[in-house]
Amino acid sequence: MEQLIPIVNKLQDVFGAIGQSPIDLPQIVTIGSQSSGKSSVLENVVGKGFLPRGTGIVTRRPLVLQLYNTSNHSIPTSPNAISSSLRSNTADTNPAGESDSGDENNNENANDVNTPPPKPLPSRKSTEIASPPVLPGDEWGEFLHLPGEKFYSFDEIRDEIVRETDRSTGRNKGISNKSINLKIYSPRVLNLTLVDLPGITKVSVGDQPADIEDQIREMCLHYISNPNAIILAVTAGNTDLANSDALKMARSVDPEGNRTIGVLTKLDLMDPGTDASDMLNNRIIPLRRGYVGVINRGQRDISQRKSIKEGLRKEMEFFKSHPAYRSLQHRCGTTTLAKMLNSILMHHIRDCLPEIKNRITGMMADIQQELDALGTPTGDISRATLGGSLLGLLSKFAASFGNAVDGKGSSADGVEMNELYGGARISYIFNEIFGRSLMMIDPFDGLTDEDIRTAICNANGPRPSLFVPEISFDLLVRRQISRLEQPGLQCIDLVYDELQRMSSQCEPTELQRFPDLRDRMCDTVSNLLRRCVSPTQMMISNLIKVELAYINTSHPDFIGGSRAVAQLMERMSREEGVESSPNPPAAPNKSGDSDGPSTPAADHSEGDYADSHHRGGERDEKGGLMSFIFGGKKDNRRRSSIGGMGSPSNMVKLPQVPDTMRNNEMPTDRERIETEIIKSLIESYFNIVRKNFLDMVPKTIMYFLVNHSKDSIQNELVSELYKENEIADLLRETDDVAQRRRTCAEMRGLLGRALEIVNEVRDFNTFK
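Thresholds applied
Residues numbered from 1 in each chain as written. Predicted model: local features only at pLDDT ≥ 70, side-chain atom pairs only at ≥ 80, totals over all residues. Heavy atoms only, no water. Helix = DSSP H or I, 4+ residues; strand = E, 2+ residues; numbered from the N terminus. Buried < 20%, exposed > 50% of the residue type's maximum accessible area, 1.4 Å probe, protein only. Contact = heavy atoms within 4.5 Å. Areas by Shrake-Rupley, 256 points an atom, 1.4 Å probe, with all protein chains shown as cover. Pairing = 2+ DSSP bridges. Axes fitted to C-alpha atoms, helices over the stretch in contact; angles between N-to-C directions. Salt bridge = Lys/Arg side-chain N within 4 Å of Asp/Glu carboxyl O. Parallel < 35°, antiparallel > 145°, perpendicular 65-115°, else oblique. Left-handed = near helix turned anticlockwise from the far one by under 90°. Nonpolar A, V, L, I, M, F, W, Y, C, P; charged D, E, K, R; others polar. Patch = residues over 30% accessible without salt bridge, like charges linked within 9 Å, V, L, I, M, F, W, Y side chains within 5 Å. Polar contact = N/O pair within 3.5 Å; in protein donor to acceptor, adjacent residues only side chain to side chain. Phe/Tyr/Trp six-rings, centres within 6.5 Å; stacked < 30°, edge-to-face > 60°. Lys NZ or Arg CZ within 6 Å of the ring centre and 35° of its normal. Expected span 1.5 Å × (residues − 1).

> Describe the overall build of the protein chain, and please don't skip the residues or the numbers.
Counting its regular elements, the protein chain contains 23 helices and nine strands. Across the 768 residues that make up the protein chain, the buried fraction comes to 44%. Of the contacts formed within the protein chain by residues at least 6 apart in sequence, a portion of 81% connects residues at least 24 apart. When the accessible area of the protein chain is evaluated, it comes to approximately 39,800 Å², of which 50% is carbon and sulfur surface.

Here it is as structure tokens:
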């Protein structure tokens, strides 16, 4: 299983080479309160003192620390060395040994936690193998912001961390979320990735912002949210565990504690008579991984330049001599912590390797598809071949456009699976947008009863007519029909925009290589669609003009005057019958009789309408019926007015004639009936025209705009773009396309090597 960690490290090299991080590789993240000992724990795990130390907030920027073990193989310096380095014989590996806890003085490196054990939990009786001596130049560090520069002194590494921190945050305890990336190469370190984060603080000091606590929390959550991160929740052992900020934050992203390890520091500073045995036994706040107690070097030890090796020996003596921790050796010490991290890391790598392999395979497929779209550089192709390529692109675009209109195509991004696409969107415009909007138009929008009364009066001329004048119906219905033209023209604009959108979706992926060709193609398609719009608009306008040219009152669906009057009288009879009596009152005739028309008379009227309708006219029938209804009614007001003017003793002076005359008086019964009859006729004929218009507009747009553009687009593209003297210019690639092709080719090679590395692990379930 030890080969899993080198595999992940080689994957880190590969992904670092391509500049991407498609997967979350394992790393160890330390979180905890300020001055809880986070940095000291990392130094103990690494085995080197290289981190800034002091009081207050010392770590003010995230430090991403990548450890590379150089004891068994050379560091891959190029992508070609990645796969070959992994093929080295792992049987010849010389891992650093571990000392028996009872014989720590036999080997001065016995307690060095930087030497990985051969197994996650080795037996104490295993044979010790001494670590190889570290020669000068075998250990060095490299910073990402100083490429190519090696630091062989870890004191210089510490100074550079301080300088780089001050450059971004200043010297007065400010923080920054910009990370410092440091790589350490040594034959005595674990192959790990560790992250040291600023300690959680409560109150801002110096020039720190007021929301310093929120900034640090957001920074910590960003790193520990990585599902492959191992969380080291560091808490001082001499504080109440229930108040641990680190455990609270870790629980927010890892509620089950599957990847959280509790680390208790400063156990040697607890009050006399107290100990952390309950916490180490996982009794207070249980974690699945449990807790490990460690003792770090104090500030006095650091000032006296005591080595980490000496500090680890002192730590072991403390736990062995303390009565509460003597029986908890498996939960105490930095060595135990390092073993636990190593075991958890290897098991986690084993579990996530199948997903890593799937991710790499998917990325290779995407890269290969992009390379196919980028094609061969045009500079290496002959002129004849370029002409064939241009015709192929034009034909492919035209076929894709036609298939999209007919519903046979599919988009490159698979949008047709989530929403309407192509011709289905045009159908939606016809039925859901245009059709519904047209049906919602009221036949009397913008037309009041007062307007209808005025039109009837104007049509009567100087004397009242005996029946409703036909000219008033003709004028009013023309006005309402004209209102249908604008929705039809708007429907053309909607379909035009949709065709433009469809053309952009049908562009072949190869077209991205040639921006000049793409621009010219878009211009050609736009010009073709604009030319098709003009005759379409003219045809829509002509449909309205055709309807206005002849008002066909003989249409079989038109209600006609007789039926309009009959329906009105029937409705009035029902309304008056509900108010007064079951029998409706009849209108007075010329002789003043109050008897209404008999049923035979009504039947005779309907019979006359049928005959006259068959002849194509109904003026006589209308006149007879209106005379029958209104013939006997007298205007008592007019008669009394005339009589009054006849008396010489009562001369009346007429008022001035107004410039604008309107019927301001309340309408008479006759005027109300005439208005209702006209409204019935207008509504009937408007519905007929609307039905015709609703049927003809989609047909017109499909013929003049959609089908014409679909059938003509290939000929138009070839005639405009396929010219011998312009082919080379149209198929000229940009510099970024060539660079992208080189990048994709390199990325494909690196991903292939990464896949080879992963495939070297034949069975992922061997150690489960």
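> Let's hear about the sheet that holds strand E2 (residues 63-69): which residues, and what values?
The mixed open sheet is built from nine strands, whose spatial order is E4-E3-E5-E2-E6-E1-E7-E8-E9. The sheet terminates laterally at strand E4 (150-151) and strand E9 (291-293), the two strands that pair on one side only. Bridge analysis of strand E3 (residues 140-143) against E4 gives two bridges, and the strand direction is antiparallel. The residue of E4 that forms the bridge with Glu142 is Lys150. The sheet contacts of helix H5 (residues 212-224) involve strand E1 (27-32), E2, strand E6 (193-196) and strand E7 (229-236), and relative to E1 the element is tilted by about 155 degrees. In the packing of helix H6 (residues 245-253) onto the sheet, contacts are made with E1, E7, strand E8 (260-265) and E9, and the angle to E7 comes to roughly 155 degrees.

> Could you give an account of the pattern of salt bridges, naming the residues involved and the relevant values?
With the rule as written, the count across this model stands at 26 salt bridges. Of the charged contacts, one joins Arg501 and Glu498 as a salt bridge, the two residues approaching to 3.5 Å between their closest N and O atoms. Taken together, the residues span about one helical turn, with Arg501 and Glu498 both in helix H15 (residues 485-505) at a distance of three residues. For Arg501, a relative accessible area of 28% puts it in the partly exposed group.

> Lay out the packing of helix H12 (residues 423-439) against H15 in plain terms, naming residues and giving numbers.
Running from N to C, H12 and H15 point in directions that differ by 160 degrees, and their axes come no closer than 10 Å. With respect to H15, the element H12 is oriented roughly antiparallel. When the axes of H12 and H15 are compared, the crossing they make is right-handed. Each of Gly423, Arg425, Ile426, Ile429, Phe430, Ile433, Phe434 and Leu438 in H12 lies in contact with H15, whose residues at this interface are Pro487, Gly488, Cys491, Leu494, Val495, Glu498, Leu499, Arg501 and Met502. Class assignment of the residues belonging to the contact of H12 with H15 gives a composition of twelve nonpolar, two polar and three charged.

> Now, about a nonpolar patch on the surface: what can you tell me, with residues and values included?
Among the surface-exposed residues, Leu420, Tyr428, Ile433 and Leu494 lie close enough to one another that they form a single nonpolar patch of about 340 Å² accessible area. By the element assignment, Tyr428 lies in helix H12. With relative accessibility at 43%, the residue Tyr428 sits in the partly exposed group.

> Can you lay out the side chain of Thr675 for me, pointing to particular residues and giving the numbers?
Within the secondary structure, Thr675 sits in helix H21 (residues 669-721). Excluding residues that lie within four positions of it along the chain, Thr675 makes contacts with Asp449, Ile452, Arg453 and Ile456.

> Which residues make up H6, and what values go with them?
Asp245, Ala246, Leu247, Met249 and Ala250 are the residues of H6 that are buried. Residues of H6 that are buried sit in contact with E1, H5, E7, E8 and E9. Residue Ser244 occupies the N-cap position of H6, its side-chain oxygen lying 3.5 Å from the main-chain nitrogen of Ala246.

> Now, about the packing of aromatic side chains: what can you tell me, with residues and values included?
Overall, the coordinates contain twelve aromatic pairs when judged by the stated rule. Judged by centre distance (5.7 Å) and plane angle (35 degrees), the ring pair of Phe473 and Phe558 falls under tilted. Of the two residues, Phe473 is situated in helix H14 (residues 470-481) and Phe558 in the loop between helix H16 (515-549) and helix H17 (560-579); the sequence distance between them amounts to 85 residues. Judged by relative accessible area, Phe473 falls into the buried class, the value being 4%. Exposure remark for Phe558: the relative accessible area of 2% places this residue in the buried category. Positioned above the aromatic ring of Phe444, the side-chain terminus of Lys679 is 5.2 Å from the ring centre.

> Can you break down the environment of Gly561 residue by residue, with the values?
Relative to the helices and strands, Gly561 resides in helix H17. Owing to a relative accessible area of 5%, Gly561 belongs among the buried residues under this scheme.

> Pulling in residues and values, what's your account of helix H4 (residues 154-169)?
Between its first and last C-alpha, H4 extends 22 Å over 16 residues, near the 22 Å set by a 1.5 Å rise per residue. Of the surrounding elements, those touching the buried residues of H4 are E2, E3, E4 and strand E5 (180-186). With its phi angle positive at about 80 degrees, Gly170 sits one or two positions after the end of H4.

> Got a sec to walk through the packing of H15 against H16? Specific residues and values, please.
H16 packs onto H15 with a crossing angle of 160 degrees between their chain directions and a minimal axis gap of 10 Å. Taken together, H15 and H16 sit at an angle that is classed as roughly antiparallel. Along this stretch, H15 crosses H16, giving a crossing that reads as right-handed. Listed contacts from H16 to Glu485, Gly488, Leu489, Ile492, Asp493, Tyr496, Leu499, Gln500 and Ser503 of H15 are Val525, Ser526, Leu529, Arg530, Val533, Thr536, Gln537, Ile540, Ser541 and Ile544. The residue makeup of the contact of H15 with H16, split by class, is nine nonpolar, seven polar and three charged.

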